[in-house]
Amino acid sequence: MSAAGAFALVVDGDEDQADSAIGGPTDNSYGMITRGSDGRRRILFGICVAGILALGALAGFRVYQPNMGQAIENSNPGFLSLSKFPGLAEETASADSQMRNLFRFWNTYRDQANGLYCDNVKLTDNQVCGKDNNQYSLASVGMGLVMNCIFAEIGLLPKTTAASQSLQTIGSVISKWPRTQRTGFFLHFTNRQFKPNTGEYSTIDSAIGALGAVFAGNYFGGDVKAASLKLARLTKWAAAIRATEAPATNVTQESDDIIDGVPSACMPNIQWGFTQGKNIPEYNNQWGKKMEALAGKNLQQATWNDYQIMYKCNRMNYAQCKDLQFPKSCSRPPCNQCLESDDMIDGVPSACRPNIQWGFTQGKNIPEYNKQWGKNMEALAGKNLQQATWNDYQIMYKCNRMNYDQCKDLQFPKSCSRPPCNRCLDFRMYATASLDGTMQTGVMRPFSEYYVLAYIATKSDLAGETTSAEELEMARRYFDVFFGPHADSAPEGNGDLPVQNNYQGIPLLGNRPDNLLPSFAYQFCNFLTKSFGTSPYFEQLFSDAEKADMEFWSRTVANSSNQGNKFAGQIQTQLGKFSEVWGSGAGWTPSGYQASSISENPDLVFSAPIMAGFLLANPKYTAVVVEQLRNLYKKDLCTYEKPLPSGDKAKVLWRCSLKQPNWKAWRAESVDFSTEIFGFAQLYLPDGFYQTYAA
């Protein structure tokens, strides 16, 4: 169908004729048509897509076509208004059948009994979230709270109703949803029984849930605002950032072999000293005075933690205890330092001092040393190697275990260029926590969608009440180094992370070389945080992520079609010059659930929510993306019809496979579907809506 043919010019005509002219009552694709008071429809005014593209051609604009992602130019980027979309949208969201069906479909995720949102719904029957399907996801709750704001803003849900629903949802999370002790991270999934410890307590899903609540609070204000802050402050967000931890667990990672900083091989030695050795005269003669100097107590009075310090500082049973760490508490703080001796001055062992001295005076002038350690010093101290102080070098040598044979007992200094001075800037974030609040081993690396977790940890107004000033400062430093762009450049990082990747010359950001992120990673950051969408660097990254995704799929569709793939050929034939289907996202695939990316998508599953999520990433592509989504919907390419309890059906775009064209997903995951609505609703939302109300 041509772009011009998408318009229905109906003046004072019959409703049925109007429906027929635009393809039926459920597909008002491009007609700027509204219902008059006499029950008839009238044309308001608009410029059709063909007209826009023609104007664009005159302005130097070329639409995206296969393998031409690098060649798109537009001498007048502002010719397509981002607040009004003549020819691309209806006069109102309620007049747009595609938007209305997205609204109706999303409502199937909400349990009306408690306001919570299910992880998924089946596409094959009329089951909705409720009595027979109540596996809730906290991330789904966060997305659902943002949806309430969207639907209220575009007139699909009365604002008072949306506010009331949001208050119900937040109240249910606060009063019922299981969370960890001490740190307050929420269980990823729960159900109407709300039993604790029935799965993982997830840091990222807790963050998405809280950010969705804060978004709703900012939008509705009043009671919703108060409830959203109460929910967000239940969690100690900084605990998810390893860099905020006290020195005892900051350098050596906890594992089954190290509990409370004590290696399993060392434990019996300390236990023997604590229970038996202290009663033996020879042991008293050798260690009694040292314990009094360390702890201010004799061996009988000293605590287990005091013994732990004594064994570490005196290198007792060193073969078994070489990885022994300082405890978090003791009888005479500070608990992370040994007493000075001739062999230890200002926390620096005599054998280690020449190494730090060489780096401080000579190494910093050698290009290879600069290349290896320059970024690391900037991340730790905020200074380059020439500006850094001796104490800054002392921290760098300790945190990076440099010259470890001579420096294994190196301690933190008492002052430095960027306090606190007793922390290392570990790059990792925790993914989960245990029920007792202990953070479990995390290997989440920057950059990824975990941006939202690092971001919320910097917010003092959302911090849990037990968060210390030091922890908040380290969380902010961590975010600034690994996620915070500087002017128009990427985050400074530590020399290794985040990773600067690219696809076909298009720059991208990630966490592993040549392993590109799923596109939802960028979209979640854009829709849920103010900082991402208002940063010039991340705005460009968001646009580049869209461009890379398009480029990958344009090559994939063309290659598949050339190799005789009938589905790919059908796409090219039916969609004409808008031959792109694309979108590398998460959801069900022929092989099970997968977070598909440019790097990994064995079934070649494309995702409409990703297409829509990038709708405003670059104004050069906006008209093209809308046309693609409209045509897919109109031509029933990758559409699903979800049966509703009313007997009606909600028709939506979801996920399809180029490799297996007859495959259909049997379910749709709410978090992964959400960006289809976030993006498509921008046809009707005011400019900057997400950045206005996001935390």
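Residues numbered from 1 in each chain as written. Predicted model: local features only at pLDDT ≥ 70, side-chain atom pairs only at ≥ 80, totals over all residues. Heavy atoms only, no water.

**So, the overall build of the protein**
Of the regular secondary structure elements, the protein holds 25 helices and 21 strands. Per-residue burial for the protein yields a buried fraction of 59% across its 695 residues. Long-range contacts, defined here as pairs at least 24 residues apart, represent 67% of the contacts in the protein between residues at least 6 apart. Accessible surface for the protein amounts to roughly 27,500 Å². Of this, 48% is attributable to carbon and sulfur atoms. (Helix = DSSP H or I, 4+ residues; strand = E, 2+ residues; numbered from the N terminus. Buried < 20%, exposed > 50% of the residue type's maximum accessible area, 1.4 Å probe, protein only. Contact = heavy atoms within 4.5 Å. Areas by Shrake-Rupley, 256 points an atom, 1.4 Å probe, with all protein chains shown as cover.)

**Some points on the pattern of salt bridges**
Under the counting rule described, the total for this entry stands at 11 salt bridges. In this structure, R630 and D96 form a salt bridge, with 2.8 Å as the shortest nitrogen-oxygen distance. With R630 in helix α23 (residues 619-634) and D96 in the loop between α2 (49-58) and α3 (97-106), this residue pair connects regions lying 534 residues apart in the sequence. Accessibility expressed as a relative area gives 1% for D96, which makes it buried. In this structure, the salt-bridge partner of D111 is R192, at a minimum N-O distance of 3.0 Å. You can see D111 sitting in the loop between α3 and β4 (120-122) and its partner R192 sitting in the loop between β6 (189-190) and β7 (201-202), a full 81 residues away along the chain. Here R192 falls in the partly exposed class, since its relative accessible area comes to 35%. The network of salt bridges with common partners includes R242, D426 and R428. (Salt bridge = Lys/Arg side-chain N within 4 Å of Asp/Glu carboxyl O.)

**Some points on the packing of helix α18 (residues 520-528) against helix α24 (residues 670-680)**
Where α18 meets α24, the closest approach of the two axes is 11 Å, and the angle between their N-to-C directions is 55°. Taken together, the axis directions place α18 and α24 in an arrangement best described as oblique. The chirality of how α18 crosses α24 is left-handed. Across from Q523, F524 and F527 in α18, the residues of α24 making contact are V671, T675, F678 and G679. When grouped by side-chain class, the residues that make up the contact of α18 with α24 number 4 nonpolar, 3 polar and no charged. (Axes fitted to C-alpha atoms, helices over the stretch in contact; angles between N-to-C directions. Parallel < 35°, antiparallel > 145°, perpendicular 65-115°, else oblique. Left-handed = near helix turned anticlockwise from the far one by under 90°. Nonpolar A, V, L, I, M, F, W, Y, C, P; charged D, E, K, R; others polar.)

**Some words on the side chain of D205**
Looking at the secondary structure, you find D205 in helix α6 (residues 203-220). There is no salt bridge for the buried D205, and the closest opposite charge comes from R667, which lies 12 Å off by N-O distance. Separated by 3.1 Å, the side chains of D205 and H188 make a polar contact. Excluding residues within four positions of it along the chain, D205 makes contact with L138, A139 and H188. (Lys, Arg positive; Asp, Glu negative; His and termini not counted. Polar contact = N/O pair within 3.5 Å; in protein donor to acceptor, adjacent residues only side chain to side chain.)

**A few points about α6**
With 18 residues, α6 should cover 26 Å at 1.5 Å per step; its first-to-last C-alpha distance of 26 Å lies within 8% of that length. Summarising burial for α6: 17 of the 18 residues are buried, a large majority. Directly after α6, the chain includes G221, whose backbone phi takes a positive value near 70°. (Expected span 1.5 Å × (residues − 1).)

**As for the state of the cysteines**
By definition, a disulfide links the sulfur atoms of two cysteines through a covalent bond. Summed over all chains, the structure comprises 8 disulfides. Put simply, C313 and C338 are joined by a disulfide, and their sulfur atoms are 2.0 Å apart. Its torsion about the S-S bond being -90°, the disulfide of C313 and C338 is classed as left-handed. Here the residue C313 occupies a position in helix α10 (residues 304-313), and C338 occupies one in the loop between α11 (318-321) and β10 (344-345), the gap between them amounting to 25 residues. The disulfide bridge from C399 ends at C424, spanning 2.0 Å between sulfur atoms. As the torsion about the S-S bond is roughly -90°, the C399-C424 disulfide counts as left-handed. Linking C399 in helix α14 (residues 390-399) with C424 in the loop between α15 (404-407) and β12 (432-433), this pair joins segments that are 25 residues apart in sequence. Across this residue pair, the class does not change: C399 and C424 are buried. (Disulfide = S-S within 2.5 Å.)

**Looking at the pairing of strand β14 (residues 506-510)**
The buried count for β14 comes to 4 of 5 residues, which makes it a mostly enclosed element. Bridging between strand β13 (residues 499-503) and β14 involves 5 bridges; their strand directions are antiparallel. Paired with N502 across the bridge in β14 is P507. (Pairing = 2+ DSSP bridges.)

**Notes on the confidence of the model for the protein**
Averaged over all residues, the pLDDT of the protein is 85; the fraction at 70 or higher stands at 82%. Below pLDDT 50 for its whole length, residues 1-83 participates in 158 contacts with residues either more than four positions away or in separate chains. Across residues 248-256, where pLDDT falls below 50, the model places 27 contacts with residues more than four positions away in sequence or in other chains. (pLDDT = per-residue confidence, 0-100.)

**Brief notes about the environment of K459**
Here K459 shows up in the loop between α16 (451-456) and α17 (469-482). K459 gets classed as partly exposed once you look at its relative accessible area, which sits at 23%. For the pair K459 and L472, spaced 13 residues apart in sequence, the C-alpha separation works out to 8.1 Å.

**Side note on the packing of aromatic side chains**
Applying the stated rule across the entire model yields 49 aromatic pairs. Seen in terms of ring centroids, W588 and W666 are 5.6 Å apart; in terms of plane orientation they differ by 85°. Their pairing is edge-to-face. With W588 in strand β15 (residues 586-589) and W666 in the loop between β20 (655-657) and β21 (667-669), this residue pair connects regions lying 78 residues apart in the sequence. Given the relative accessible area of 35%, W666 is considered partly exposed. (Phe/Tyr/Trp six-rings, centres within 6.5 Å; stacked < 30°, edge-to-face > 60°.)

**Some points on the packing of helix α12 (residues 353-361) against α14**
When two helices pack together, their arrangement is given by the angle between their axes and by how far apart the axes lie. Between α12 and α14, whose axes approach to 10 Å, the crossing angle comes to 120°. The angle between α12 and α14 falls in the class oblique. Considering only the axes of α12 and α14, their crossing is right-handed. The residues of α14 that touch α12, namely those facing R353, N355, I356, Q357, G359 and F360, are W390, Y393, Q394 and Y397.

**Re the pairing of strand β16 (residues 592-595)**
Pairing of β15 with β16, which is carried by 4 bridges, proceeds in the antiparallel orientation. Following the sheet pairing, W588 is matched in β16 by Y593. Once β15 ends, the chain turns through 2 residues before running back antiparallel as β16.

**As for helix α8 (residues 267-275)**
By the burial criterion, the buried members of α8 are N269, I270 and G273. An end-on view of α8 places all buried positions within 95° of arc, on one side of the element. Looking at the buried residues of α8, the elements they touch are β9 (262-263), α9 (281-295), α10 and α11. (Arc of directions from axis to C-beta.)

**A short note on the environment of R512**
Residue placement: R512 occurs in the loop between β14 and α18. Since its relative accessible area comes to 39%, R512 is described here as partly exposed. Expressed as a C-alpha distance, the spacing of R512 and N501, which sit 11 residues apart in the sequence, is 8.3 Å. Setting aside residues up to four positions removed in sequence, R512 forms contacts with R445, V499 and N501.

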